[in-house]
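Below are the chains, spelled out letter by letter.
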Amino acid sequence: MAVEPAQEAVEALPDSDVAGAVPRGVAAGLKPVSIRRLLRVDGLAPTIERLRYPFVVYLSSRVLYVVLALVVGAAEHWSVKRELSNWDGVWYRRLAGLGYPDHVLHTQSTQGFFPLYPMLMWLVQHALICSIFLAGVLISGVGGFIATVLVQRLSAGWWGEEAGRRAVLFFCFFPGSVVFSMVYSEGILIPLVAGCLLALERRRWVLAGILAAFATAVGPTALAIVPACAVAALIEIRRRGWQARRALFAPLLAPLGILAFGAFLWVWTGTPFASYYAQHHEWSEKTNPLALVTLVLRIINESYFTHTFVHINLNYIAGLVGAAFLFYALYLLVKTRPRIPAPALVWTFGIAFLAVTSENVPPNPRMLITAFPAVLVVAYHFKEKKAFNRLMGLTIVLLIVMSSASYIGTALRP
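Remember, predicted model here, so these are calculated numbers, not experimental data. (Residues numbered from 1 in each chain as written. Predicted model: local features only at pLDDT ≥ 70, side-chain atom pairs only at ≥ 80, totals over all residues. Heavy atoms only, no water.)

Visitor: Would you explain the overall build of the protein chain in this entry?
Guide: Of the regular secondary structure elements, the protein chain holds 22 helices and two strands. For the protein chain, contacts bridging at least 24 residues in sequence account for 72% of all contacts bridging at least 6. (Helix = DSSP H or I, 4+ residues; strand = E, 2+ residues; numbered from the N terminus. Contact = heavy atoms within 4.5 Å.)

So, in structure tokens, the structure goes:
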């Protein structure tokens, strides 16, 4: 009697390969299909392996922030909810819950904040049936992890895999990363910008433009991504000619987020500049080319001695130290070979310009991590193990001190 082809294939295997899986009679009617192939584990395993390192590092940094919040909160009698939604978090929670007023207010209000982050908070709150606070923290936390993965990919593409791993460590424990554990919009701004820069490198122009458009609906600092997209498009058209005109999708789509916000405000309040009025007049946000000089003068004029200590505004000190770090990082970016792509440079210098010319938001850790290539290049240059370990030790000490002060009171903003 002829043997069926499927049975012939099974019988050709050693008994040990079949025994214990299915009875021999049943196996005779089955084709030998690999379980790995059936579940596509071979395709999934490399992805999981790539994500393992950034996930472990990022999770470790979040645990540190939570422990800090618990310890500081217990000492100062602040709840974790109050700590993690301190500063701008109060306004984002209010905006997600109450929306925008329907007329221009001549006082501090939610009109000074952009809509995408609180919109996502509202959606997550209703989807998961949780509090607005928890929705905000979840979005920031997940967005921070996505940013970490993208930062590793960008750094590895610029300088190699080892540099990518150092970048992940420095990025996750950099003091500005506290925003990924608070109700702050950088948890979606930074991954959107990093994703846009990665898309520009891969010439995925429409995707880059869409990501940039969402970014410009997060906050005014995101406008720096528009010239970054424009530079990428101009370089591509100069290289390939008019046949590369598809690259123009990126800069054309990029400002749609802020334009849509302006259109909404026009209909809702009667002016597209309601947010600008709130930030400029009520929040006193101003651009000053001599902002750093003003910062030094404030430190001199507003500091005073008491019997026990010297009173100095910590926000001024953080801004001055941050400016020194920023100038050093910008020097490294210009000096480094291979140099990072032009769009990433434009983004970094754009955020740097906004930081050093802002009277109220100097180059503090939050602004520095927004200009994330400046953070990554420092990690790249500390290649020697002992030097990098010292850098990480200093970073973690600053993280503990500065985050503890940001969680409670108004001594130090994130």
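Visitor: For this particular structure, what's the right way to read the nonpolar core?
Guide: Note that soluble globular proteins tend to have their nonpolar side chains buried in a common cluster. If you look at the biggest cluster of nonpolar residues, it comprises 111 residues, and the most contacted ones within it are F170, F171, L200, I225, F372 and Y407. Not counting residues up to four positions away in its chain, the partners in contact with L200 are W205, A208, A228, C229, A232, A250 and P343. (Core = buried A, V, L, I, M, F, W, Y, C linked by side-chain atoms within 4.5 Å. Buried < 20%, exposed > 50% of the residue type's maximum accessible area, 1.4 Å probe, protein only.)

Visitor: Looking at this model, I keep getting lost on the environment of V124. Mind explaining?
Guide: Tracing the backbone through its elements, the reader meets V124 in helix 8 (residues 116-128). It is 5.6 Å that separates the C-alpha atoms of V124 and A135, two residues lying eleven residues apart in sequence. V124 has contacts with I129, C130, A135 and I139, leaving out every residue within four places of it along the chain.

Visitor: Is there a simple way to explain helix 9 (residues 132-159) in this structure?
Guide: Spacing of three or four residues puts side chains on the same side of an α-helix, whose turn is 3.6 residues. Between the first and last C-alpha of helix 9 there are 40 Å, a value that for 28 residues agrees with the 40 Å anticipated at 1.5 Å per step. Within helix 9, 21 of the 28 residues are buried, which leaves it mostly tucked inside the rest of the structure. Remark: G160 follows helix 9 within two positions and exhibits a positive phi of approximately 110°. (Expected span 1.5 Å × (residues − 1).)

Visitor: Honestly, the packing of helix 19 (residues 342-357) against helix 21 (residues 372-381) in this entry has me stumped. Any pointers?
Guide: Packed helices, taken two at a time, are described by the angle their axes make and the gap between the axes. Running from N to C, helix 19 and helix 21 point in directions that differ by 110°, and their axes come no closer than 8 Å. Taken together, the axes of helix 19 and helix 21 are roughly perpendicular relative to one another. Here helix 19 contributes A344, W347 and T348 to the contact with helix 21, which in turn contributes F372, P373 and A374. The residue inventory of the contact of helix 19 with helix 21, partitioned by class, reads five nonpolar, one polar and no charged. (Axes fitted to C-alpha atoms, helices over the stretch in contact; angles between N-to-C directions. Parallel < 35°, antiparallel > 145°, perpendicular 65-115°, else oblique. Nonpolar A, V, L, I, M, F, W, Y, C, P; charged D, E, K, R; others polar.)

Visitor: Teacher, can you tell me more about unusual backbone geometry here?
Guide: In the segment running from R337 into P338, the intervening peptide bond is cis, with an omega of 0°. The topology assignment puts P338 in the loop between helix 18 (314-335) and helix 19.

Visitor: Explain the packing of aromatic side chains to me, please; I cannot follow it from the model alone.
Guide: Aromatic ring pairs are defined here through the distance separating the ring centres and the angle between the ring planes. Tallied over the entire structure, the rule returns 15 aromatic pairs. Between F170 and F174, the ring centres sit 5.6 Å apart and the planes meet at 75°, which makes this aromatic pair edge-to-face. Looking at F170, the relative accessible area reads 1%, which means it is buried. For the pair F174 and F325, a centre-to-centre distance of 5.6 Å together with 45° between the ring planes defines the contact as tilted. Separated by 151 residues along the polypeptide, F174 in the loop between helix 10 (161-173) and helix 11 (186-201) and F325 in helix 18 bring together distant segments of the chain. (Phe/Tyr/Trp six-rings, centres within 6.5 Å; stacked < 30°, edge-to-face > 60°.)

Visitor: Please explain a nonpolar patch on the surface as it appears in this structure.
Guide: On the surface, F55, V56, L59, V63, V67 and V71 cluster together into a nonpolar patch covering about 510 Å² of accessible area. For V56, the location among the structural elements is in helix 5 (residues 41-76). Look at V56 and you get partly exposed, because its relative accessible area is 46%. (Patch = residues over 30% accessible without salt bridge, like charges linked within 9 Å, V, L, I, M, F, W, Y side chains within 5 Å. Areas by Shrake-Rupley, 256 points an atom, 1.4 Å probe, with all protein chains shown as cover. Salt bridge = Lys/Arg side-chain N within 4 Å of Asp/Glu carboxyl O.)

Visitor: What am I meant to see in the pattern of salt bridges here?
Guide: Should their charged atoms come close, side chains of opposite charge can pair. One pass over the full model with this rule turns up five salt bridges. Where R239 meets E236, a salt bridge forms, and the shortest distance between an N and an O atom there is 3.3 Å. In this pair, R239 and E236 are both assigned in helix 13 (residues 225-240), three residues apart and thus about one turn of the helix distant. Here R239 falls in the exposed class, since its relative accessible area comes to 51%.

Visitor: Just checking my understanding: could you explain the environment of A215 for this structure?
Guide: Here A215 lies in helix 12 (residues 205-215). A residue is classified by how much of its surface remains accessible, and A215, at 0% relative accessible area, is buried. Other than its neighbours up to four places away in sequence, A215 contacts L189, L192, V193 and A222.

Visitor: When you look at a positive patch on the surface in this model, what are you seeing that I'm missing?
Guide: On the surface, a cluster of positive charge is made up of R50, R153, R202 and R204. Looking at where R202 falls in the secondary structure, it is placed in the loop between helix 11 and helix 12. (Lys, Arg positive; Asp, Glu negative; His and termini not counted. Charge placed at Lys NZ, Arg CZ, Asp CG, Glu CD.)

Visitor: Teacher, can you tell me more about the confidence of the model for the protein chain here?
Guide: When pLDDT is averaged along the protein chain, the result is 87, and 87% of the positions lie at 70 or above. No element of the protein chain has a lower mean pLDDT than helix 2 (residues 15-18), which averages 36, and none a higher one than helix 12, which averages 98. Predicted confidence is poor over residues 1-39, with pLDDT under 50, and the contacts of this stretch with residues over four places away or in other chains come to 16 contacts. (pLDDT = per-residue confidence, 0-100.)

Visitor: Looking at this structure, how should I read the side chain of N288?
Guide: As for its placement among the helices and strands, N288 is situated in the loop between helix 16 (274-282) and helix 17 (291-302). By relative accessible area, N288 is classed as buried at 15%. Excluding residues within four positions of it along the chain, N288 makes contact with T294, V356, T357 and E359.

Visitor: Any chance you could explain helix 12 here in plain terms?
Guide: Of all the positions in helix 12, only W205, A208, G209, L211, A212, A213 and A215 are classed as buried. Check the buried side of helix 12 and you find it contacts helix 11, helix 13, helix 14 (249-253) and helix 15 (256-269).

Visitor: I would appreciate a short explanation of the state of the cysteines in the present structure.
Guide: Under the criterion given, the structure shown has zero disulfides. C229 takes part in no disulfide bond, and the closest cysteine sulfur to it belongs to C196, at a distance of 3.8 Å. (Disulfide = S-S within 2.5 Å.)

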